[in-house]
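What follows is each chain in one-letter form.
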Amino acid sequence: MADQSSRSQRPSRRAVATGSAPPAASGPCTEDGHGPANATDGDPGARRSSSFVDDQRIRVGLGSVRSVDRVDPVWERAYALTFLMQVSEEGEQCTHAASMDDTTVPLPFDSGDAGRRVTDFEACTARHVRLPCGIRDTRRADSPWSPGAVDSAMPGTDPAPHPRATAYGEEDGHPAARVTDRNSGTHWSSAPEDHQRIQVDLGSTRRFDRVAVLWERAYPKTYVVQVTDDGFTWTDVQTVGDTPDPLNVSVNGVRVPVRGGDRGRDEPPRRMPAERMDVPGRTHRATGRAIRDRVDGGDREEFHAVRDAHDASVGNDVTNAWSTDPPDREAFVPVAHDTEPRHRALPCVAAWCGAAEGDPPTTIDQDVRAAVESRTPGDLHRGNSAQGVITGGPCAWVDPRRHCAPWAYGREGFGFRTETGRPAVSTAASTRAMAAGDDRPKWPIYGAWYCHGRDERGNQAPGSYRAAIESRLGTARDLDDLTRETPFVDHEDGTAWRTYDHDFDVTGAHVGRPRVYEPLHVRADPVKWQIIAVNHTGRALTHATVTAETYDLSGRRIASTRRARVDVAPAGSAVAFTAAPSDDLPDLHLLRLTLTDDRGRVLSRDTYWRCRTPEALRALDQVSRTRLSASLSPVSRDGDRREMSATVRNTGSMVAAMVRLSLLDAEDGARVLPALYDDNHLWLLPGETRSITLCWSATALPSGRPKLRVEGYNTHPVTLRG
């Protein structure tokens, strides 16, 4: 029949027979191309499909009288809520053998589909049943079509002919009474909040040992089955949990944070040259060593060679196995069987995925899974890149104060996320280069920029990204103004779809990630303002010191310095103290965090700008410009790689915000791309100095004469030659 789910039903054993006729169906009930013969042709990719009306049927001839005690249809996503099993010896007069009622197929809750959840427990007698729900699995309400209490010893008997339902929290148009009105098209919907509940009065005290709930797509991660006789004193009989176990990656017993990026197809319509493949390898290495090779990218030998060279871990998407209808098994499976053995010996390959953001057809999933498990036992295989604890999103901008809110991450909760981000705007120069041949980009966004970018459209909710920028720093006047403002939001959100651009110029999201991903790091929780030391290494950190200093925009210390000694376990974290902003602090101020070892050496340093409201960041537009100075070291050589260090100093009287270093060609002023910086987008206090290391390939700077441009949000630019 199809490939999606199997549901069996045992009738009583009896002799049945038909003639040897092929499968037949009732009336004009077959969709073109999906006739009844497809149900028994032995092809797992073929199926029968009825016409789009209820009360259809299919008849199968067994060829002779046979003994039958089970019917086991394999349904596509389109299935019957109820069906009967009927048998006949002569093919005309049918006898009822079994029935299946009330049933979406009971799918696991991490599959993305609603389903029937059956909970068994020790038999009890009670009049009332209640389901207190926990955290929602979606942003929507909790929404069952029907809950029912069942006595398994009396199948087919309704224990409550006239039940009545009440609820704590209801959405307009979907009251609790809808779950007991015996209408399969209606349901109760709670208020769109967590910890809702519904209860059913069975009318009298009855015996039951099972509760079956047919959930809509909106359902809770957990709920409890409670019973009572009097409606007041409730007893828990079973807790139902649908939150998947977290995925932990460990090496030699030490948990390892898996951090990195997500790579799409090679640049269409051409294949990326091998020499160009090295660039994203180095760029990704700066922000994490894991990479998901998303959708059809897993066949490039150059890609894997670069990842091996940079000690990266790769999750290979074989291809989009579910993207054709019907699924083309013969086109897909041989490719997977060819790809897997060619790549299995590569050190970088750590996991395999059969399809992007969808469940592959069962036959394809089984074939690919078997190939991976037989040839590389121990490799992780997931059929769906967005299934269960391995998920995607959020794909839109998220306010930092909500990063730890489960609802921000969709129905899957936190999980192990292979695809997270939102729009990001690169530099003004990169955006203009993208629109080459167009005399724009002018303002507002249109023309070539609009066609190439996702800055105004797309499923990453670019409107919320723009709104976040404008709520902080006002409406941008032009492209240059916008690209001055975007780094603030890029750093706050931390991840993005576009960490580097088509020419490998990097965005603010890329620049901020190495700081967060450093092996030893000090960070602040933006909700409770707990100051936390994080240890991503396999060794304990002992006798370290966490320091927090608070400054205004003139660089004046405006609160007492806080210090605490911490010990941090391997792959662990430790809270040093809480540094919540007080009412007497300015609406915008800086929190400088430092982590030092027992000898006073700096292990980590980071600066948080704290705003009482988003608009408070506009205070940066009111302060006077500050001045910078810079110096460059001689260029060192290592094969075709070049490296130098830059020392930047704030020589003015105000804080310098978002100081960006850009490497240029001294001959023509062109950007040197790609170029990597071990830090960028700096906040410098008056008199503060910072050293940055820059590296690039010799081919990126043919003249061999570097020039550095240094500029900040509120600074005068500085340019100097190497």
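Counting of residues starts from 1 at the beginning of each chain's written sequence and follows it residue by residue. For this predicted model, a pLDDT threshold of at least 70 governs which residues receive local features, and a threshold of 80 or more governs which side-chain atom pairs are given and counted, while totals over whole chains, interfaces and linings are taken from all residues. Each side-chain value is worked out from all heavy atoms of the structure, with water and hydrogens disregarded.

**Quick look at the sheet that holds strand β26 (residues 541-551)**
Link 1 in the chain: Being paired, for any two strands, means DSSP has found at least two bridges between them. By definition, any uninterrupted DSSP run of H or I lasting at least four residues is a helix, any uninterrupted run of E lasting at least two residues is a strand, and each is numbered from the N terminus. Reading across from one edge, β27-β26-β29-β30 is the order of the four strands in this open sheet, with antiparallel pairing throughout. Unpaired on one side and paired on the other, β27 (562-568) and β30 (602-611) mark the two borders of the sheet. Ignoring strand direction, the axes of neighbouring strands in this sheet form an average angle of 20°.
Link 2 in the chain: Here β26 pairs with β27 via six bridges, running antiparallel. Bridging from a neighbouring strand, Thr547 pairs with Arg563 of β27. Lines fitted to the C-alpha atoms define the axes, with helices restricted to the stretch that makes contact. Angles between their N-to-C directions range from 0 to 180 degrees.

**Digging into the pattern of salt bridges**
Link 1 in the chain: One speaks of a salt bridge when a side-chain nitrogen belonging to Lys or Arg is within 4 Å of a carboxyl oxygen belonging to Asp or Glu. Summed over all chains, the structure comprises 28 salt bridges.
Link 2 in the chain: Across the salt bridge formed by Asp480 and Arg432, the nearest N and O atoms sit 2.9 Å from each other. Of this pair, Asp480 sits in helix α8 (residues 479-493) while Arg432 sits in helix α5 (residues 428-434); the two residues are 48 residues apart in sequence, bridging distant segments of the chain.
Link 3 in the chain: Overall, the relative accessible area of 40% leaves Arg432 in the partly exposed class.
Link 4 in the chain: Overlapping salt bridges bring together Arg515, Arg592, Asp606, Asp679, Glu688 and Arg690 as one network. Under the scheme applied here, a residue whose accessible area is under 20% of the maximum for its type counts as buried, over 50% as exposed, and between as partly exposed, the area being computed with a 1.4 Å probe on protein chains only.

**With respect to unusual backbone geometry**
Link 1 in the chain: Geometrically, the link from Leu673 to Pro674 is a cis peptide bond, its omega value of -5° lying close to zero.
Link 2 in the chain: At Phe504, a residue that is not glycine, the phi angle is positive and equals roughly 70°.
Link 3 in the chain: When you line up the elements, Phe504 lands in the loop between α8 and α9 (508-517).
Link 4 in the chain: A residue is classified by how much of its surface remains accessible, and Phe504, at 6% relative accessible area, is buried.
Link 5 in the chain: Phi is positive for His681, close to 50°, though the residue is something other than glycine.
Link 6 in the chain: Mapped onto the elements of the fold, His681 is located in the loop between β35 (675-677) and β36 (682-684).

**Focus on the packing of helix α1 (residues 274-285) against helix α2 (residues 301-309)**
Link 1 in the chain: For the pair α1 and α2, the least separation of the axes is 9 Å and the interaxial angle reads 40°. In terms of orientation, α1 lies oblique with respect to α2. Two packed elements cross with a definite hand, and for α1 against α2 that hand is right-handed. Of α2, the residues touching α1 (which contributes Ala274, Met277, Asp278, Pro280, Gly281 and His284) are Glu302, Phe303, Val306 and Arg307. Note on terminology: angles under 35 degrees are roughly parallel, angles over 145 are roughly antiparallel, angles of 65 to 115 are roughly perpendicular, and the others are oblique. When the near helix sits turned anticlockwise from the far one by under a right angle, the crossing is termed left-handed; a clockwise turn instead gives a right-handed crossing. We call two residues contacting when some pair of their heavy atoms lies within 4.5 Å.

**Observations regarding the sheet that holds β36**
Link 1 in the chain: Taken together, four strands build an open sheet; the order of strands is β36-β34-β38-β39 and the sheet is antiparallel. Two strands close off the open sheet at either side, each with one partner strand: β36 and β39 (718-721). The mean inter-strand angle of the sheet, taken between neighbouring strand axes irrespective of direction, is 30°.
Link 2 in the chain: Here strand β34 (residues 656-665) pairs with strand β38 (residues 706-711) via six bridges, running antiparallel.

**Let's talk about a negative patch on the surface**
Link 1 in the chain: Only residues above 30% relative accessible area that lack a salt bridge enter a patch, with like-charged residues linked at up to 9 Å and the nonpolar side chains Val, Leu, Ile, Met, Phe, Trp and Tyr linked at up to 5 Å. Computed by Shrake-Rupley with a 1.4 Å probe, the accessible areas treat only the displayed protein chains as cover when residues are assessed. Think of it this way: Lys and Arg go in the positive column, Asp and Glu in the negative one, and His and the chain ends go nowhere. Just so you know, the charge point we use is NZ for Lys, CZ for Arg, CG for Asp and CD for Glu. A cluster of acidic residues, Asp638, Asp640, Glu643 and Asp678, forms a negative patch on the protein surface.
Link 2 in the chain: With respect to the secondary-structure elements, Glu643 resides in strand β33 (residues 641-650).

**Considerations on a nonpolar patch on the surface**
Link 1 in the chain: A contiguous nonpolar surface patch, about 410 Å² in accessible area, is contributed by Leu247, Val249, Val251, Val256, Val258 and Leu380.
Link 2 in the chain: With respect to the helices and strands, Leu380 occurs in strand β21 (residues 380-384).

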